[in-house]
Structures are given as structure tokens and as C-alpha cells.
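The lines below spell out each chain.
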Amino acid sequence: MLWPALFAAGLIGAGFAFQSHAPLLWFNVVYLAIVCAIALFERVMPFEKQWLQRDGETFNDVAHTLLSKGGVQLAAALGATAPMAVATVAHPFVVGLPDIWPSNWPLALQVVLGLVIAEFGLYVAHRAAHEILSLWRFHALHHSVERLWVVNTGRFHFMDSLFKIALSQLPLYLLGAPLPVFLWIGAVTAFIGLLTHCNIDVRTGPLDLIFSTPGLHRWHHSRVLAEGNTNYGENLVLWDQLFGTYFNPDRRPSTDIGISGRVADNFIGQLFQPFSKKGYRQILGRRVHPDGQETRTGDKGSRSPSGAISENHPVSTDGTA
């Protein structure tokens, strides 16, 4: 009952926040309260005790959550409010477009419709980030973690986040979705994101067929290619079900997660690394010999979730597989 209880608590709190005079401020208060609750349960009932150990990445994780996720928007708890801020800024510029959105529907149904549409864009962006080298260089930062817990939920490169926001929200703008739909989709995404990454030993049962749950997302972070290139859904697994990338075997996922390559050790380095040829090769786990030949670094059995850098997919330096 813990997963749905925390999710419901977040949405109820969001409802009160949206009715206040400072909705984004109070939403962040609710968001941080749920973060604290999840952090407490991670200590009380962890899925993996080893993930409670420090990995030296906490500062970088928080910095990416506050500064990177959402691109140029520098605000407290930006990982939760980026979709809302984008909606608030962009909505006035698209109100003149033909309005084909079913505004007469109950708000709850509009949110469900909007979530399904936005989730398709997120699915395409997420899958592309795993299968296209020029995009994986940014998304690899998220997969470079070696433990999953609530704090590294927002560990995304700003280019990765901007790409996802563009593909998920542009269709809603064009369809004329109202601002409350964007706000509620932002809330759903924020709280499911926290729960997806949590290190809590929860049983989600039939919810795995609908939502992106912690169990499903742990498979997505697997080093094994056949396991990691699955479960791309950020909130829902509808599109994974339809496109054959849903993966949920009846066994415990490996806790040995990460990538074959290497990301920089500090926040600034992680921001700039994907833009240089040397950093690009480091992220891909490639090393250039004096004769010009590239070879993979790391153990032979250590494979990134990205199909673009697997043993069976040769890599070229021009960004194509």
C-alpha cells in the first residue's frame, strides 16, 4: 500500500497547492515533503542495503536536480517544476492555435488524455536516447549511477531534459490543452519520478501493468543490454506494452547497475563532457589507440543499457551506429 499511498499524498498536496495564491511555491513544499518521506522509508525498509552507502555523487545529483533538469531555469526543486514553468511561459503564445482539445471533458479525463499523449513523446525521446549515440551521450549521465535512491531522481543532463520536454509538451500545446492539464501532468510526473527511483522494498503487483514502478525501472538500469533497453515509460507503461519493450520477469533485478563508459567526477565536468570528442569517447567506453583503432574500455561483461554501444553495434566517431 505504500507506493499508492505516497503517490496519492503527493497528488492531494498538489491539489491544495494549485488552489493557493502561490501554487509553485507550495507545490515545491509538498514535493520536498514527499522526498523526505521517501528518504525515511528508504532507511526503514530498503530494497538494497548496499544502496544506502555513500557513493560520492550526492552533491552532483542534487546539483543536476536543481540546475540541470529543465535547462536554463534555475529554481529551487526545479526537477519538479520544470514542466509547469514551461507551460506557464509558453501557453500565452499558443492560445491562438485552433482549439481541438476536449475542454468540455471533466478535468480528470483531460489529464489522463494529456498524460497518454505526453507519455508517447517521452517514450520516443527516452528510447531514442538509448538507440542514437548523439543522444545517449547526454542520457548516459542518468544511467551512470551505481545505486538508485530518491536523490538521484533528477540526475539528468539539461540537453536530455530539454529534448524530453519538447517531444512531450509540444503536441499538447498544438492541441490547445489548458494550463491545468500541464500542471497536473507535471505533478504526476514529479511524484512518479520520485517513486520510480526510490530504494524502498515495495510490492506494486498489478500497478506494474499501468505505471512505471520501482521494480520496472530497476530493470531499465540494468547493465545487461536485453534488460536495460526496456521499460522506457516515464509515468505509464502503455507504450512499452504496445511496442514490445515491456519487461517484468518473475525474478529479482540485479543491483549491479551503471554504464560501461565513464562520466566526469564533478558537476561542471558532467555538463561539458558530452560536447568534446574526448568526453564523448569516455562516455561511450571507448579508447583510441595510436593506430586510430577504437576499443571498448572496462570489463567485457559490463554493458551499457544503450544498444548503441553494445558488443553487437559497432561505434563510429561521427555519432552513427
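Notes on the structure in this doc start here. (Residues numbered from 1 in each chain as written. Predicted model: local features only at pLDDT ≥ 70, side-chain atom pairs only at ≥ 80, totals over all residues. Heavy atoms only, no water.)

Quick word on helix 1 (residues 2-18)
Next up, step 1: Here helix 1 contains 17 residues, and its C-alpha end-to-end distance of 24 Å stays within 8% of the 24 Å for a straight helix at 1.5 Å per residue.
Next up, step 2: Turning to helix 1, its buried residues number three or more, namely Leu2, Trp3, Leu6, Phe7, Gly10, Gly13, Ala14, Gly15, Ala17 and Phe18. (Helix = DSSP H or I, 4+ residues; strand = E, 2+ residues; numbered from the N terminus. Expected span 1.5 Å × (residues − 1). Buried < 20%, exposed > 50% of the residue type's maximum accessible area, 1.4 Å probe, protein only.)

Considerations on a nonpolar patch on the surface
Next up, step 1: A cluster of nonpolar side chains, namely Phe120, Val124, Leu238, Leu242 and Phe243, defines an oily patch on the protein surface of about 430 Å² accessible area.
Next up, step 2: Counting residues per element, the ones that place at least two in the nonpolar patch are helix 5 (107-131) and helix 11 (238-243).
Next up, step 3: With 3 residues, the single largest contributor to the nonpolar patch is helix 11.
Next up, step 4: Topologically, Phe243 is positioned in helix 11.
Next up, step 5: By relative accessible area, Phe243 is classed as partly exposed at 43%. (Patch = residues over 30% accessible without salt bridge, like charges linked within 9 Å, V, L, I, M, F, W, Y side chains within 5 Å. Areas by Shrake-Rupley, 256 points an atom, 1.4 Å probe, with all protein chains shown as cover. Salt bridge = Lys/Arg side-chain N within 4 Å of Asp/Glu carboxyl O.)

Focus: the environment of Gly114
Next up, step 1: Along the chain, Gly114 falls in helix 5.
Next up, step 2: For Gly114 and Leu172, which are 58 residues apart along the polypeptide, the C-alpha to C-alpha distance reads 6.9 Å.
Next up, step 3: Discounting chain neighbours no more than four positions away, the residues touching Gly114 are Trp101, Leu172, Val181 and Ile185. (Contact = heavy atoms within 4.5 Å.)

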